[in-house]
Amino acid sequence: MRESLAQRHAIQIAQQTGLLTARQVEQARLHRQALTRLVRLGRLERVERGCYRLVGHPLSEHHGLVLAATTVPKGVVCLLSALSFHQIGTQVPSAIWVAVDRRSRLPSVSSLPMRFARFSGAALSEGIETHELEGREVKIYSVAKTLADIFKYRHKVGLEVALEALRDAWQSRRFTLEELDHYARLCRVEKVMGPYLESLLV
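Since the structure is predicted, the reported quantities are computational estimates derived from the model, not experimental observations.

Draft legend 1. Geometry of the sheet that holds strand E3 (residues 51-54). In spatial order, the strands read E1-E3-E2; together these 3 strands make up an open sheet with antiparallel pairing. The open sheet has two free edges, formed respectively by strand E1 (19-21) and strand E2 (44-48), since each of these has just one partner strand. Strand-to-strand twist across the sheet, computed as the mean angle between neighbouring axes with direction ignored, equals 35 degrees. Looking at chain direction, E2 and E3 are connected through 4 bridges and run antiparallel. Bridge pairing in E3 links arginine 46 to tyrosine 52. Relative to the sheet, helix H1 (residues 5-17) contacts E1, E2 and E3, its axis offset from that of E1 by approximately 125 degrees.

The structure is reproduced here in structure tokens:
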């Protein structure tokens, strides 16, 4: 079965990043049937509702983060996943942690192991860095913001994990005291982090 003009156009879009979304297809004014037929032809594989991957496209070590950003575009990679991206500590998260607005409905994601943290206000919007991975923009919290978040969620991720991350990031000079103080106050963990930070400064 030969590919139609619409299918070839869809493949060209997918080749830019390795992923193709239903929204991109709509923006290109292509019929959604092109996606279904390309899956049947073995050119695309469905990874999540409205998200398809180009078969054979090279994947980076951060492909999971790219998929998360594609399926939850308003989310921000956080906590253990942000630590792993920044190469801080030794944790290898079994799921991708994504921060979402406290008031929003949790996305339904079946094919990708994900955990959600509900943030609001400045705790959600500040400290975001945008990294280009596999040709897509992925929002990830900065090192200092992630450390504050880790201490805020220490009961879920473990205090030892938080302490290891703080020591590692401090030894590798990945944040300034001013940055950490700002985000610690923002996340209301300055009193919790204070004694541990002082021990590093001695």
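Draft legend 2. Focus on empty space enclosed by the protein. Per the stated rule, a full pass over the model turns up 1 cavity of 30 Å³ or more. Here the largest cavity is characterised by a volume of approximately 40 Å³. Looking at the largest cavity, the residues that line it are Ala68, Ala69, Val72, Gly75, Val76, Val77, Val98 and Lys139. Listing elements by their share of the lining of the largest cavity, those giving two or more residues are helix H4 (63-71) and strand E4 (76-77).

Draft legend 3. View of the pattern of salt bridges. Overall, the coordinates contain 3 salt bridges when judged by the stated rule. Aspartate 149 serves as the salt-bridge partner of lysine 145, at 2.8 Å between the closest nitrogen and oxygen. Of this pair, lysine 145 and aspartate 149 both sit in helix H7 (residues 143-152), 4 residues apart, roughly one helical turn.

Draft legend 4. View of the layout of surface pockets. What the largest pocket holds in volume is close to 930 Å³. Of all the elements in the fold, those that place two or more residues in the lining of the largest pocket are helix H2 (22-27), H4, strand E5 (96-101) and strand E8 (136-141). In terms of residue count, the dominant contributor to the lining of the largest pocket is H2 (5 residues). The volume enclosed by the second largest pocket comes to roughly 240 Å³. Forming the walls of the second largest pocket are Glu61, His62, Gly64, Leu65, Ser81, Ser84, Phe85, Gln87, Pro93, Ala95 and Ile96. Elements that contribute at least two residues to the lining of the second largest pocket include exactly H4 and helix H5 (79-85). For the lining of the second largest pocket, the element with the highest residue contribution is H5, accounting for 3 residues. Of the residues contributing to the lining of the second largest pocket, the split by class is 5 nonpolar, 5 polar and 1 charged.

Rules and cut-offs
- Within each chain, residue numbers correspond to sequence positions counted from 1 in written order.
- Where local features are concerned, this predicted model is filtered to residues with pLDDT of at least 70; where side-chain atom pairs are given and counted, the filter is 80 or more; whole-chain, interface and lining totals use all residues.
- Think of the side-chain values as coming from all heavy atoms in the structure, minus any hydrogens and water.
- DSSP bridges decide pairing: two strands pair if at least two such bridges lie between them.
- Secondary structure follows DSSP: runs of H or I at least 4 residues long count as helices, runs of E at least 2 residues long count as strands, and numbering of each begins at the N terminus.
- Every angle, taken between N-to-C directions, lies between 0 and 180 degrees, and every axis is a line fitted to C-alpha atoms, over only the stretch in contact when it is a helix.
- The contact criterion used is simple: two residues touch if any of their non-hydrogen atoms lie within 4.5 Å.
- Cavities and pockets were defined on a 1 Å grid built over protein atoms only: a cavity is a set of grid points that admits a 1.4 Å probe from which the probe cannot escape, a pocket is an open set flanked by protein on both sides within 12 Å along at least five of seven lines, and lining residues are those with an atom within 4 Å of any such point.
- Grid points are joined across faces, edges and corners, and a volume is the space filled by probe spheres set on the points.
- Any Lys or Arg side-chain nitrogen found within 4 Å of a carboxyl oxygen on Asp or Glu counts as a salt bridge.
- Residue polarity is assigned by list, with Asp, Glu, Lys and Arg as charged and Ala, Val, Leu, Ile, Met, Phe, Trp, Tyr, Cys and Pro as nonpolar; anything else, Gly included, falls into the polar class.

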